[in-house]
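Secondary and tertiary structure notes
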Amino acid sequence: MATQITLQQLQYFLSAVRHGSLSAAAEAHFIAQPSLSEQIRRLENHLGVSLFIRTNRKLILTDAGRMLVPYAERAIMAAEEAAAAVAPVKNLTGGTVAFGTFSSAHHLLHADLVEQFRALHPRVRLQLVSMNSVQVADAVREGELEAGLVALPIDDRGLEISGIEWAAEAVYLSRDRSRTRSPKTVHDLAAAELILPEVRRGDTDPTRRQLLTAAQHAGVSIAPVVEVESPATALALAERGVGDTVISLPLAEILGATRVLHHVSIDPPLVETFTFIRRRDARLSPATEVLIRLTRRLLRKLPQTDHRPAP
């Protein structure tokens, strides 16, 4: 199969036309003359015509060479215009960046993240999408988002995972202090009147998947009496005594729920782990790289739980 025409070949061809010799053109590009001559020979071989009549004194364009000049100039100009069009994205002086996070991240990170990003790059438009981690993973996999911060486990087909960036313990919360005197086993959870968030994702939600797995191993089932979408709503209902809930402790603290609700660990501890994801082998835009760096810094300021498995 014939080698395709390259922009470099067209650049070397036009330079030889302008300078009138291969040696002068090579000097202008800071390369050896044989290298430049080889690229022009490949261009001629691909086109099947000679572009120059080579004499000892100078290069003379053939008829084919004269016909090629305006097309080569337009091709180079189009390439330069294409590079200029994406320069704002490369230089963080324009464009739009879309980044996904797990559903409750807007309580933990979003305000600080947006403020810091806008302070650094005010001309870049930012779309910060908050939804269930399963949905974030699907959106990244399908190319709707460049990257995201999600809770594990997820379906990681076609995705790269950065490793655990943050871990938070999910605890049992109740308005009734007597229900939080000792750690809750999965059998306790199965008998409790639970209010659980993420109703639309159900047991595909990463945290609820952990509960489901633990229940299956124990031979019991966890059937919440109320399912809502938002963790904040689950906490508000628990504060009213409608039922108890299982929520990340840092989130409950940030929302002020621990002023009313008592909490206790689950036995064994239920730890939510979070990571950055991207499409496998995809190159991230500079803006997305900045967002990940800023998010990582913010995560380090949040309360951290040891995510090693319990003995």
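Everything here concerns the structure above.
The structure displayed is predicted, hence computed values, not measured ones.

Rules used in this analysis
- Residues numbered from 1 in each chain as written.
- Predicted model: local features only at pLDDT ≥ 70, side-chain atom pairs only at ≥ 80, totals over all residues.
- Heavy atoms only, no water.
- Axes fitted to C-alpha atoms, helices over the stretch in contact; angles between N-to-C directions.
- Helix = DSSP H or I, 4+ residues; strand = E, 2+ residues; numbered from the N terminus.
- Parallel < 35°, antiparallel > 145°, perpendicular 65-115°, else oblique.
- Left-handed = near helix turned anticlockwise from the far one by under 90°.
- Contact = heavy atoms within 4.5 Å.
- Nonpolar A, V, L, I, M, F, W, Y, C, P; charged D, E, K, R; others polar.
- Polar contact = N/O pair within 3.5 Å; in protein donor to acceptor, adjacent residues only side chain to side chain.
- Expected span 1.5 Å × (residues − 1).
- Buried < 20%, exposed > 50% of the residue type's maximum accessible area, 1.4 Å probe, protein only.
- Arc of directions from axis to C-beta.
- Core = buried A, V, L, I, M, F, W, Y, C linked by side-chain atoms within 4.5 Å.

Turning our eyes to something else, we now look at the packing of helix α1 (residues 7-19) against helix α4 (residues 63-91). The geometry of α1 relative to α4 is characterised by a closest axis approach of 9 Å and an angle of 125 degrees between their N-to-C directions. Between α1 and α4, the interaxial angle falls into the category oblique. Judged by the twist between their axes, the crossing of α1 over α4 is left-handed. Seen from α1, the contacting residues are L7, L10, Q11, F13, L14 and V17; seen from α4, they are G65, L68, V69, A72, E73, A75, I76 and A79. For the contact of α1 with α4, the class distribution of residues is eleven nonpolar, two polar and one charged.

Moving on to the environment of E229. Here E229 shows up in the loop between β9 (226-227) and α10 (231-239). Those residues in contact with E229, other than ones at most four positions away along the chain, are P197, E198, V199 and R200. At 3.2 Å, the side chain of E229 and the backbone nitrogen of R200 are in polar contact.

Below, the discussion takes up helix α3 (residues 33-47). The first and last C-alpha atoms of α3 sit 21 Å apart over 15 residues, in line with the 21 Å expected at 1.5 Å per residue. All of the buried residues along α3 are L36, S37, Q39, I40, L43 and E44. Down the axis of α3, the buried side of the element spans an arc of 160 degrees, and every buried residue falls inside it. Away from its buried face, by an angle of more than 90 degrees, α3 presents the exposed residues P34 and N45. Buried residues in α3 make contact with α1, α2 (22-28), β1 (52-54) and α4. Remark: G48 follows α3 within two positions and exhibits a positive phi of approximately 80 degrees.

With that settled, the discussion passes to the nonpolar core. Counting 39 residues, the largest nonpolar core has L109, F117, L149 and W166 as the members making the most contacts within it. Looking at which element gives the most residues to this core, the answer is helix α12 (residues 286-301), with seven residues. Apart from residues lying up to four places away in sequence, W166 is in contact with F102, L108, P250, E272, T273, F274, L299, L302, P303 and Q304. Judged by nonpolar contacts, the second largest core, of 18 residues, contains L14, L51, V69 and A72.

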